[in-house]
Amino acid sequence: MENGVISHRGKVLTTDTMNPNVKKVEYAVRGPIVQRAVQIEKELKAGMKKPFSEVIKANIGDAHAMGQRPITFLRQVLALCSYPELLNDNKFPEDAKNRARRILQSCGGGSIGAYSASQGIESVRQDVARYIERRDGGIQSDPDNIYLTTGASDGIVTMLKLLVSGEGRGRTGVMISIPQYPLYSAALADLGAVQISYYLDEERCWSLDVRELRRALNAAREHCQPRALCIINPGNPTGQVQSRQCIEDVIRFAAEEHLFLMADEVYQDNVYAEGCEFHSFKKVLFEMGPEYYKTVELASFHSTSKCYMGECGFRGGYMEVINLDPDVKVQLTKLVSVRLCPPVPGQALLDLVVNPPQPDEPSYATFIKERTAVLTALAEKAKLTEQILNTVPGITCNPVQGAMYSFPRITLPERAITEAKEKGQAPDMFYCMKLLEETGICLVPGSGFGQREGTFHFRMTILPPMDKLKVLLAKVKEFHQSFTQQYS
Amino acid sequence: MQRLQALANRSLAAGALNRHPNPLPVKALKLPFCAQTVRFKTHRFIDQSGLKRFSTAEATVAARDNGKVREKTLTMETLNPQVKAVEYAVRGPIVIKAGEIERGLQQGMKQPFTEVIKANIGDAHAMGQQPITFLRQVVALCTCPELLDSPVFPEDAKVRARRILQGCGGHSIGSYSASQGVDCIRQDVAAYVEQRDQGVPASWDNIYLTTGASDGIMSILKLLVSGERPSRTGVMIPIPQYPLYSAAIAELDAVQVNYYLDEDNCWALDVNELHRALQEAKQYCNPRVLCIINPGNPTGQVQSRKCIEDVLHFAYEEKLFVLSDEVYQDNIYSPDCQFHSFKKVLYEMGPEHFNSVELASFHSTSKGYTGECGFRGGYMEVINLDPDVKAQLVKLLSVRLCPPVSGQAAMDIIVNPPSPGEPSFPQFLKEKTAVLGALAEKAKLTEQILNAVPGIKCNPVQGAMYAFPRIFIPPRAVEEAKVLGMSPDMLYCLRLLEETGICVVPGSGFGQKEGTYHFRMTILPSTEKLKLLLEKVQDFHVKFLKEYASLDEPLI
């Protein structure tokens, strides 16, 4: 009788009776701070007075929401696929029409409204395989190993789902970096798997040290069965780009320790720092010789949401699996078939990303211009963010070598930490909440990604347009100074 | 026989539900359910390297001349056992076989037919149904907003597109939406539900857009699963059911509680049967959820208002959370049937019921008259969900960021179609009526022709998109299937596929009363093709009966 006025019959589903794993799930990128930001936006709209006129959401890597324009060619082809009558419209370039025709031909009944195969449209998977081969300097890729997904998240969760088994000390443990993108911790909580944290080295530009992997693994063996190692490269939220040597070390470690490797490479086209280069785990694996490439099990992930496209809403993506046991592969296909198929417009979009206009095609010039503009602006903003943040006393920021975020360390006064604790908040949550209330800037506290005990950070995207980013950084600077003053 | 043995090896007898008297040997369960070529490669690999495959969960290292060789981390032995338990016949072994045959035909392989007709899945566009023009115009405008200046597009389509774009971050469908979906689309859904239910209030706060209906069903079930056996959550599902339910229950390690629909009574739901199933289940689990599919899939029945009221009262009395899968709400063909939403009936039962029964209902862009499966659009409405649980639901959904925004846009057009007076209305109405009219005709035709076949008995297809006829399978065929380790209707459907190119799904994939056999076929092929299909089924069935008739048993 929880609510006598409304009903005499208590609820079936309450927080006491619900799935306990779901309760443990946390996803800070859309957590309480973002909910408050949405609320403030509504308050502003309703005419409430605030010390700012707009909320700037730098919490999530959502390029279009920050004003980035879609790549014309991608949208033209998708419009043609959506409404094939436009194929008769001479406003569309011929290469866009050819792509659209080819995609439609691969769809049931020539319509993107038909279900595709659960693994994804075959011709798109072939294009993905060819793309990977070009990217990796000719290392073979088999379309049969490509699975199209509903964003990269879908693929990651699916692979983790396969890997989770056992009870008690035999329960699957999954190694994830700290700081991490919280999809990983959320998925592990949801699946009831054991999270094994390995720490990235902030002092060395968030690099990964194999000794730290070994430490984490050995400690974890006491209480679980470590079976998978997740790597995010370029790093989210930390923005580092892994060196070839480091990747090789990681692969050797995975081979020795019999770990299934998961390489989250959704930021592979977002590399800004000079001297940094993206190396795919697959390429390095194959260059290490047959002893490795014939044995190490690897799943790598890509998405349409990041890079120069930023097409998050389409939920397109793929994964490539290497050395997956054939019987398990059958199980994977079965599992994904229950959800029928990834959204077909997202599949079509992915096809264009892996098969963009060629130099002899009419859309090439515009495409390259748009793509270069986006990536150049991002590189500039990465540099600018690092520079400005590092001028603030009490903030230190590693170079944003890649991806879309900076993850600066912030020094918080003791008094602020105490006050946060009294409120039952993580100190950086307390900080970010105040920042939001006072400036309208929405960032995600480092505690949502994980960080070394006693250190505090926030994640901000570098996506706002240059002028807005400058305003944002100036406001953060000002806020940090006044916050430090207030609590010292 | 040899060929069938090969098929048997490949087929993990689709029916997880089919409590087969001769369960497959454990070894067979480890076999992949298709891809024989893959297995072949595996064997070859093993032969070449002279390796043994190890069966322990521990990763094992085997010595070899030239160094160490690593056993795989992820094998059938170490795979998540819940994943292993998942079965989904709609895209199971028979469909994989159909794909193989299709590729063979393309490469010029000779078959006793020229094309494979896939009547296994409710995929309207794949069967030649044309998209609704208005819907696609709006999606194209949202995708390429430059087209808003084009005179080719009608004004009402542009108005819809502008409104959707306004609701998107940066006015782009390429940005993430809120995890519950775009605000204005949720508002449109609420208005639609309210109108559909003749004014029963709907709050857009209770509307969640989803990645197809499957995604919503899965999310709600996930919330509901807790406890350890014998108090693990039990979920009541109809038998026959749409196998998403059994698959989700297996994946979540919940307890499946079967209640049987009454085939002799046009697949009606009897509350006495619900009681029976519930009482039995209480001995080994904690039944907390009741799933209803109305109109029925695969069974095509449309529930009467009275029956819905009985079910809701039962759920109220027994404290069950109700999931009502109403994705076929626009697919009603029998003139004496009408769709009643669970929500509306609940409201009409009075405030005591309306304020207490927890209900989640589901809809989708994939069915109805639009058939837009590929867009993966859908929504769910939750009623009486505990506010704290609602917060948990939003959190859970947020991890996957958002449903595909183009699917959300498609959903918006379904709930907010052209209205009389708008320029697109006449064409829209014409297209919609044509699709639904043709479906009604095909529903009738399918029932009639199937019922003319001796040994096939088909209930009227009152709604949805499928016929689920009962087929008589001679004892000798049943015996043969058992020897092959497959369910008898799987044997039947495989033979049908191989001899006629027609792909239907065996009843065992949906569940059926012990000793009865069925198949599910869609009514989606064009009338012309459907007639051909039904004729072929008829010929096949007669021949099948003859082939397997015992000497001492007369033909039916």
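Engineer: Help me understand the overall build of chain B in this model?
Structural biologist: Check the secondary structure of chain B and you find 20 helices and 16 strands. Of all intrachain contacts in chain B linking residues separated by at least 6 positions in sequence, the fraction that spans at least 24 positions is 71%. For chain B, the exposed surface amounts to about 20700 Å²; the carbon and sulfur share of it is 53%.

Engineer: Explain the overall build of chain A here, please?
Structural biologist: When helices and strands are counted, chain A shows 17 helices and 14 strands. A compact globule built from 488 residues would reach a C-alpha radius of gyration of about 23 Å, and chain A, at 23 Å, matches this within 12%. Across its three principal axes, chain A shows a C-alpha extent of roughly 65 × 65 × 55 Å. By residue count, 66% of the 488 residues in chain A fall in the buried class. Residue pairs at least 24 apart in sequence account for 71% of intrachain contacts in chain A once pairs closer than 6 positions are excluded. Roughly 17300 Å² of accessible area belongs to chain A as shown, and the carbon and sulfur atoms make up 49% of that amount. Separation of charge centres in chain A, based on 56 positive and 57 negative side chains, amounts to 4 Å.

Engineer: Any chance you could explain the pairing of strand 5 (residues 225-232) of chain A here in plain terms?
Structural biologist: Along any regular strand, the residues point their side chains to alternate faces of the sheet. Residue and element names in this part refer to chain A. Among the 8 residues that make up strand 5, 7 are buried, leaving the element largely enclosed by the rest of the structure. Pairing geometry for strand 3 (residues 172-178) and strand 5, over 4 bridges, is parallel. Bridged to glycine 173 within strand 5 is proline 226. Assessed by its sense of winding, the connection that carries the chain from strand 5 through helix 9 (residues 244-257) to strand 6 (residues 260-264) is right-handed.

Engineer: In this structure, what is going on with the pairing of strand 8 (residues 316-322) of chain A? I would like to understand it.
Structural biologist: All names here are of chain A. Burial runs high along strand 8: 7 of the 7 residues are buried. Burial along strand 8 is two-sided: Gly316, Tyr318, Glu320 and Ile322 and Gly317, Met319 and Val321, pointing in opposite directions, are all buried. Here strand 2 (residues 146-150) pairs with strand 8 via 5 bridges, running antiparallel. Note that in strand 8 the partner of tyrosine 147 across the bridge is methionine 319. In this structure, strand 7 (residues 298-303) lies alongside strand 8, joined through 6 bridges in antiparallel fashion. What sits directly across from leucine 298, in strand 8, is isoleucine 322.

Engineer: Looking at this model, I keep getting lost on the sheet that holds strand 7 of chain A. Mind explaining?
Structural biologist: Pairing between sheet strands relies on hydrogen bonds along the backbone, with the strands arranged either parallel or antiparallel. Residue and element names in this part refer to chain A. Pairing within the open sheet is mixed, and its 7 strands lie in the order 2-8-7-6-5-3-4. If you trace the sheet from one side to the other, it starts and ends with strand 2 and strand 4 (194-199), each paired once. Along the sheet, successive strands turn relative to each other by an average axial angle of 25°, direction set aside. Of the strand pairs in this sheet, strand 3 and strand 4 are connected by 6 bridges, and their pairing is parallel. Among the inter-strand pairings, valine 174 is bridged to a residue of strand 4, identified as glutamine 195. Across the sheet, helix 7 (residues 183-191) lies against strand 3, strand 4, strand 5 and strand 6, angled at about 160° from strand 3, the strand it touches most.

Engineer: Explain the pattern of salt bridges to me, please; I cannot follow it from the model alone.
Structural biologist: When the charged atoms of two side chains lie near each other, side chains of opposite charge can form a pair. All names here are of chain A. For the structure on display, the rule yields 58 salt bridges over all chains. For lysine 50, the salt bridge goes to glutamate 43, with nearest N and O atoms at 2.6 Å. For the salt bridge of arginine 214 with glutamate 257, the shortest nitrogen-to-oxygen distance reads 3.9 Å. Residue arginine 214 is found in helix 8 (residues 210-220), and its partner glutamate 257 is found in helix 9; the two are separated by 43 residues along the sequence.

Engineer: Looking at this structure, how should I read the sheet that holds strand 10 (residues 377-383) of chain B?
Structural biologist: Residues and elements named next belong to chain B. Ordered in space as 4-10-9-8-7-5-6, the 7 strands form an open sheet in which the pairing is mixed. In the strand order of this sheet, the two ends are held by strand 4 (207-211) and strand 6 (255-260), each with one partner. Taking the axes of each pair of neighbouring strands and ignoring which way they run, one obtains an average angle of 25° across the sheet. Across 4 bridges, the pairing between strand 8 (residues 321-325) and strand 9 (residues 359-364) is parallel. Counterpart to aspartate 325 in the pairing with strand 9 is phenylalanine 362.

Engineer: Quick question: what am I supposed to make of the environment of leucine 290 of chain B here?
Structural biologist: Residue and element names in this part refer to chain B. Turning to its location among the elements, leucine 290 is positioned in strand 7 (residues 286-293). When its relative accessible area of 0% is taken as the criterion, leucine 290 is described as buried. Distance in space between the C-alpha atoms of leucine 290 and tyrosine 259 is 9.8 Å, their sequence separation being 31 residues. Leaving out residues up to four positions away in the same chain, leucine 290 has contacts with Met236, Tyr259, Leu274, Val311, Phe314, Ala315, Leu320, Phe321, Val322 and Leu323.

Engineer: What should I look at first to understand the interface of chain B and chain A in this one?
Structural biologist: Where interface size is quoted, it is often the accessible area lost as the parts come together. The interface of chain B with chain A comprises 105 residues on the first partner and 98 residues on the second. Buried area between chain B and chain A, both sides added, is near 8800 Å², and the carbon and sulfur share of it is 57%. Our enumeration of links across chain B and chain A arrives at 46 residue pairs in polar contact (both at pLDDT 80 or more). Elements that contribute at least two residues to the side of chain B that touches chain A include exactly helix 3 (36-49), helix 4 (81-85), helix 6 (133-143), helix 9 (212-224), helix 10 (244-251), helix 12 (305-318), helix 15 (387-399) and helix 16 (405-415) of chain B. When its residues are assigned to classes, the side of chain B that touches chain A shows 50 nonpolar, 28 polar and 27 charged.

Cut-offs applied
In this convention, every chain numbers its residues from 1, walking through the sequence in written order. Chain letters and ligand numbers both follow the written order, the letters beginning at A and the numbers at 1. Owing to the predicted nature of the model, reporting of local features is limited to residues with pLDDT of at least 70; listing and counting of side-chain atom pairs is limited to 80 or more, with chain, interface and lining totals taken over all residues. To get the side-chain values, take all heavy atoms of the structure and skip hydrogens and water. Put simply, DSSP H or I for four residues or longer makes a helix, DSSP E for two residues or longer makes a strand, and each gets a number counted from the N terminus. Contacts are assigned to residue pairs that have any heavy atoms within 4.5 Å of one another. Here the Shrake-Rupley method, with its probe set to 1.4 Å, supplies the accessible areas, and only the displayed protein chains count as covering residues. The quantity called the radius of gyration is restricted to C-alpha atoms. Its globule counterpart is 2.2 Å times the number of residues to the power 0.38. Each residue gets one of three labels from its accessible area relative to the maximum for its type: buried under 20%, exposed over 50%, partly exposed in between, using a 1.4 Å probe on protein chains only. By the counting rule applied here, Lys and Arg register as positive and Asp and Glu as negative, while His and the ends of each chain are not counted. One atom stands in for each charge, and that atom is NZ of Lys, CZ of Arg, CG of Asp or CD of Glu. Strand pairing follows a simple DSSP-based rule, namely that at least 2 bridges must link the two strands. Seen with the strands pointing away from the viewer, any crossover whose path from the first strand over the helix to the second strand runs clockwise is right-handed. Note on method: axes are straight lines fitted to C-alpha atoms, helices fitted across the in-contact stretch only, with angles between N-to-C directions ranging 0 to 180 degrees. A pair is scored as a salt bridge if a Lys or Arg side-chain nitrogen falls within 4 Å of a carboxyl oxygen belonging to Asp or Glu. The term buried area refers to how much accessible surface (probe radius 1.4 Å) is lost by two components on association, counted for both of them together. Each polar contact in these results corresponds to two N or O atoms within 3.5 Å; when the atoms are within protein, one needs to be able to donate a hydrogen and the other to accept it, and residues that are neighboring in sequence are counted only if both atoms are side-chain atoms. Each residue gets one label: Ala, Val, Leu, Ile, Met, Phe, Trp, Tyr, Cys and Pro are nonpolar, Asp, Glu, Lys and Arg are charged, and the others, such as Gly, are polar.

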